[in-house]
Structure formats: structure tokens, C-alpha cells
Amino acid sequence: MVKKNLKAMMTAGLLMVLVSNAMAQTPTTCGDSGTVWLTGDITGPANTPDCYVDIFDLSGLSAQWLDSTGTSYIYTLSGSDVQDGHVGYGSGSANQFDQNYLLADGVPSTQHHAALVRFDLSSLPDTEWAGLNVASYKTVAAATLRLECTSVNQTDPAQPLYCSSTNGNWNTNATYTTTDGTTPWPPGQSGVSPWTDGQVWCAANNRAQTSAVITETGPVTLRVTESLRPLPAERDKQAIIPEYGFQLHPYIQPDFNTDYPDFTFASSEAANGPQLDVVITDPYVSPRPTPPYIAWFQPALIVAHPELYSNMNVDAGGSLDAFWSYERGINRLAWAYGPQSPYAPDGDEVHYFVEQASRRRVVAQGYVPDDPTAYTDIITAGVAIDEWGTFAGWFNYSYCVEAYRQVKAADPCAFIAVWAVGYPSQLVTLVQEGTVDLWITEAYTWGVSFPTSWSSVQSRLNTARADGILDKMICALGEIDTADGTTEAGITSKIVDIATNYPECPGIAFYQGGSVADTAANRALMQHCNTISATYWPAATRFTPRSWEPLYSEADVSKDGFVNLVDFALMTENWMKCSDPANSACDPYWN
């Protein structure tokens with residue numbers, strides 16, 4: 001009897017839990033937990049989604065019409081920004097660049113054609129961002145190619161039209177070389193059979209191709225975002241490549257007895273010619289470092305043991321990956337040659353050092369979750385110039401002074417740090433006038449070929465105070481490696497001396513060199529550097545990086561970077577529908 005009653009009680013309790021959970025998950029008013037938001041429900045009377053797709057949402061869509069993702073800009077290229085034509089493959093084929101139509105057909109032998117469309121992306125307007133002219137730093141966030149199909153002829157309506165980005169520029173005869181750099185394109189002009197040797201794709205980047213099935217005439221829209229990104233071999237080029245183009249080609253049947261698809265499009269000579277909608281975004285830019293600085297040169301174990309460098313906020317050697325450091329709020333300064341460079345060309349030294357001190361832009365891969373092939377641009381805060389004060393570079397000092405002044409005038413936001421031995425008088429002038437933002441004096445008392453004495457370091461600090469630049473000078477202790485005799489006591493004594501007697505110094509730096517053994521003793525030494533630096537410069541902080549997640553506007557229902565007819569169509573599918581649990585006339589979705 002007791003067991004039966006207990007079983008009944010447990011069953012009743014379980015039912016109560018299930019009912020309670022069901023009630024908790026069932027919303028009673030719009031916005032409660034469990035509310036289903038219909039596609040297109042973007043706003044309402046209170047400027048928030050209201051469980052109805054109605055005139056409020058249509059008004060909200062209209063207010064954001066043609067908006068684009070986040071802090072982006074949308075531009076449409078057409079007309080004079082377009083050069084196009086169609087090219088025939090196989091012997092006897094012709095290049096047509098002066099007609100008002102584009103031909104793309106898959107008939108074999110001499111009649112196969114591909115349509116070429118090229119847009120001059122250099123016509124995109126410049127924008128100012130963070131004090132920079134970022135024309136060369138813009139990144140393509142989304143792009144749509146719009147075409148007008150004027151005729152379709154294919155037996156199998158399921159065969160798609162492909163659109164690929166081309167690997168190079170073409171002239172009015174489309175005579176540029178293939179990707180191997182040797183064969184003129186199109187290969188048919190040299191009597192090469194295009195469908196037997198694979199050369200039919202020679203001018204295209206298939207990795208970033210897109211396609212569409214076209215069954216009738218009218219507008220055709222192709223998403224070509226990936227086709228506008230730089231290829232891996234072009235990572236050192238601008239994010240937006242002028243005169244970038246597309247190749248349109250139909251599916252080519254392996255069976256010659258099968259009918260082949262045939263498409264015709266309006267070209268740039270026609271009023272309804274091709275258009276390219278491009279969304280460009282501001283670049284990712286690391287903010288300028290701010291004092292106090294806790295800087296490292298080649299922190300050897302930071303990837304394996306980032307916790308040992310948790311207080312580091314400046315990579316003053318450019319050894320870290322740009323995005324790895326950015327995501328952790330570390331200001332990465334790009335490494336650059338100083339006056340000791342053996343590569344400065346005679347007669348063009350100033351230009352060379354301008355290029356070195358201007359090395360802010362970095363391209364890195366693999367930052368986008370779920371897309372290891374994606375990459376974009378990031379602009380580092382500035383440069384760390386290595387180095388001044390050695391005998392090897394004294395004859396380049398005057399060239400460097402002029403170069404750094406030019407860089408600062410052209411890019412006032414650039415942060416210029418200089419590693420220095422001794423006390424070069426020209427560097428004093430550059431710091432005093434504000435051209436150089438930070439002087440990192442090399443105070444290496446361990447592990448280097450020519451260690452300095454601590455008394456000479458103190459002499460530099462005293463002179464810097466007299467020259468009024470001590471608030472822009474930090475000492476770099478090194479080498480941080482137990483194999484070189486570095487000890488926690490030695491580091492402590494020097495940091496205490498600096499913090500006590502030279503409180504104007506805005507931080508500390510550590511030179512590691514990159515080839516340090518991952519031992520318990522070295523990890524303890526690095527942790528000591530990390531702890532004591534934060535003890536004496538406690539206000540040092542890392543910046544908050546910009547989120548990688550795209551910021552879509554509310555009306556971008558499709559989440560493709562545009563507010564356009566696609567979003568309008570999705571909204572109309574749910575027009576006048578509702579999901580308000582307080583309205584019995586709405587769909588009882590919660591059941």
C-alpha cells in the first residue's frame with residue numbers, strides 16, 4: 001500500500017512538473033519567453049517588434065531602404081564604370097566588345113562563348129575614418145551583380161549559369177594570359193581545344209564562383225561577395241582591386257549530342273546593362289596605445305601560455321598575428337627597419353624609410369568563425385622602428401628624420417615607437433616635436449653580446465628628464481631568459497629603481513627574443529615580469545576590440561547586408577499575419 005501511494009505521489013509530482021514547465025514556456029503576451037517572431041516583424045507602435053506584420057513594419061522597411069550592414073556604405077556601379085563583351089572559345093571564334101548584348105552559350109567547338117563584365121572599383125568614393133584616408137583599406141562586405149537576361153534557350157531548364165571572378169585584367173580583345181602566365185587567353189586563339197585540357201576555366205577563379213538557374217528572361221541577381229575578395233596570392237594587394245571582373249559561362253555538357261544552354265544579356269551599351277551593388281565597410285583599426293605601456297618584444301611563449309602576459313598591452317616587435325593580438329586587446333605595432341637597414345637604396349633613402357615607417361596595414365586569415373578561408377584587413381596602430389643608436393646606421397639619420405616627419409604629416413594618427421641604443425640627438429628632436437610618440441631605450445643587462453651597465457641607463461633617463469621627454473621614454477629590460485642569467489631579483493631591483501626615481505616613465509618593456517625554452521623556471525620568470533609590471537603601472541589596460549559579428553539593420557530581414565526587394569518579398573509572405581499569444585485570432589503556434 002505504501003509503495004502504491006508513493007508511486008502515485010511521484011507520478012502526480014512528475015505531472016505537475018511537466019505542466020509547470022509547459023506553462024512557463026507558453027507566452028501569454030507578446031515578448032514573453034517563447035514568443036515566436038514572424039519574419040518581417042521588425043517594429044511596431046513602440047518601435048519594437050509587436051507580433052504583427054503590418055503597416056508599421058512596411059514603414060520601418062521604407063525608412064531603412066537600401067541601408068547596408070553595420071558601419072558600411074552601399075554604392076552602385078554601372079554605365080561608364082563598366083567594360084564588357086563576350087569572347088568565343090575555339091578556332092575561328094571572335095571577340096565582341098562593341099555590341100549591346102552579352103552572349104554566354106555552351107555549344108561546343110567554335111561556338112562556345114563566355115561573357116565578360118568588368119567594373120572599375122577604383123571609382124568608389126573615399127571616406128575618412130579615424131583620421132585616415134581609407135581608400136586602400138576598405139573591405140568588401142557584400143556585393144550583388146545585377147543583370148538583365150534578354151533571351152534563354154536551353155532544353156534542360158535546370159542547367160545553371162556560372163559566374164566566376166577573373167584572375168586578371170583584359171584589354172578590348174580580352175588577350176591576357178592564363179593563370180600559368182604562359183598561354184594567351186582565350187586558348188582557342190592558339191588552336192587549343194577548350195573542353196579537353198581544362199583551359200575553358202583558365203580566366204576564372206572557380207573557388208569563388210556562384211551560379212543561378214535561369215528559366216526565363218528578366219532580371220537576374222547573383223551574389224558575388226566572395227568574388228571581390230583578394231585571392232590568397234594577392235594578400236599584399238589592396239582590399240578592393242580596381243577593374244575587377246567576372247566571367248559568365250553556362251554549364252558545358254560532356255555529351256556533344258546534348259543541346260546546350262544559351263543565354264543573352266544586355267551589356268553596358270544598353271540602358272538595362274549590368275550593375276554591381278557593393279557594400280564596403282570601414283576597416284578594423286587598432287586604437288593608438290595609451291600609457292602606461294607594458295610592452296614586449298617577441299614574447300616567446302605567449303601563444304602557449306597567454307596568461308603569463310595578461311598585463312601586456314603593446315606588441316612592440318610586430319611578432320604576433322594581427323588578429324590574434326587584436327582579439328585580445330593588444331596593440332600590435334608593425335615592425336620596421338630603422339637607420340641601420342642594409343636595404344636603403346642610394347639616392348632614394350627618404351622614400352625607403354617612408355615606406356618602412358608607413359607599414360600599418362596587415363592582412364590576416366582565419367578570423368571568421370566557420371570560414372577558415374576568409375580574411376580581411378586590419379590597420380595596426382603604428383610601427384615599432386628597430387633600431388637607432390648603432391654605428392651601422394649613423395649615415396641614414398637625416399633621411400629617417402625627414403621620412404618620419406612625412407609619415408606623421410600624412411597620417412597624424414600613426415603611432416611611431418623607436419627602439420634605441422644610447423642617446424641619439426636627432427631622436428631627441430623627433431620626440432620633442434611629437435613626430436615620435438615613444439622612445440624605447442634598450443636597457444639590456446643580460447643575455448646580449450654587448451650588455452649595458454645600469455649606470456648608463458640611469459644617465460639616459462636623467463638626460464631625458466632634462467630634455468623634457470622622460471614622459472615618452474620607457475626602459476626595455478632583457479633578455480628575459482633564465483639561460484642568460486636573468487633573475488626575478490634582478491628584474492625587481494631595476495623596476496623599483498625606475499618606478500621610484502623616474503616616475504615620469506610611462507611604463508616598462510621586456511625584450512625576449514623569441515627563442516626561449518618552455519621550462520618551469522622561465523614560466524615563473526615571465527609571470528614575475530607580468531605581476532611586477534602591473535604592480536608599478538597598475539592602470540595599464542587593453543582596449544576592447546570591435547565585435548566580429550555583423551551588425552545588421554532591423555529591416556535586413558534576409559541578413560545579406562542589404563535592405564532591398566529581397567527583404568520586402570520576405571515581409572510580404574507574412575503580410576497581416578500575427579503571432580500575438582494574447583490574440584485568439586492569431587495562429588496558436590504555441591500548441
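Residues numbered from 1 in each chain as written. Predicted model: local features only at pLDDT ≥ 70, side-chain atom pairs only at ≥ 80, totals over all residues. Heavy atoms only, no water.

Observations concerning the packing of helix 7 (residues 454-466) against helix 8 (residues 488-501)
So, point 1. The contact between helix 7 and helix 8 brings their axes to 12 Å, and the two run at 20°. As summarised for this structure, helix 7 and helix 8 are arranged roughly parallel, according to the angle between their axes. By crossing handedness, the relation of helix 7 to helix 8 is classed as right-handed. Contacts between helix 7 and helix 8 involve W454, Q458 and R465 on the former and, on the latter, K494, D497, I498 and N501.
So, point 2. Per-class residue counts for the contact of helix 7 with helix 8 are two nonpolar, two polar and three charged. (Axes fitted to C-alpha atoms, helices over the stretch in contact; angles between N-to-C directions. Helix = DSSP H or I, 4+ residues; strand = E, 2+ residues; numbered from the N terminus. Parallel < 35°, antiparallel > 145°, perpendicular 65-115°, else oblique. Left-handed = near helix turned anticlockwise from the far one by under 90°. Contact = heavy atoms within 4.5 Å. Nonpolar A, V, L, I, M, F, W, Y, C, P; charged D, E, K, R; others polar.)

Some words on the packing of aromatic side chains
So, point 1. Applying the stated criterion across every chain yields a total of 16 aromatic pairs.
So, point 2. One aromatic cluster is present, built from ring pairs that chain together F297, W419, Y444 and Y511.
So, point 3. The ring centre of W324 lies 3.9 Å from the NZ or CZ of R328, which sits over that ring.
So, point 4. Here the basic side chain of K494 rests over the ring of W454, its NZ or CZ set 5.5 Å away from the ring centre. (Phe/Tyr/Trp six-rings, centres within 6.5 Å; stacked < 30°, edge-to-face > 60°. Lys NZ or Arg CZ within 6 Å of the ring centre and 35° of its normal.)

Observations regarding the state of the cysteines
So, point 1. This structure, assessed with the given rule, holds two disulfides.
So, point 2. Paired by a disulfide, C30 and C51 hold their sulfur atoms 2.1 Å apart. Judged by the sign of its S-S torsion, about 90°, the bond between C30 and C51 is right-handed. With C30 in the loop between helix 1 (2-25) and helix 2 (55-63) and C51 in the loop between helix 1 and helix 2, the pair connects residues that are 21 residues apart, well separated along the chain.
So, point 3. Look at C30 and you get partly exposed, because its relative accessible area is 26%.
So, point 4. Each disulfide pairs two cysteine sulfurs, and for C578 the partner residue is C586, the sulfurs being separated by 2.0 Å. Residues C578 and C586 share a disulfide whose torsion about the S-S bond is about -115°; that sign makes it left-handed. (Disulfide = S-S within 2.5 Å. Buried < 20%, exposed > 50% of the residue type's maximum accessible area, 1.4 Å probe, protein only.)

All quantities given are derived from atomic positions and should not be read as evidence of function.
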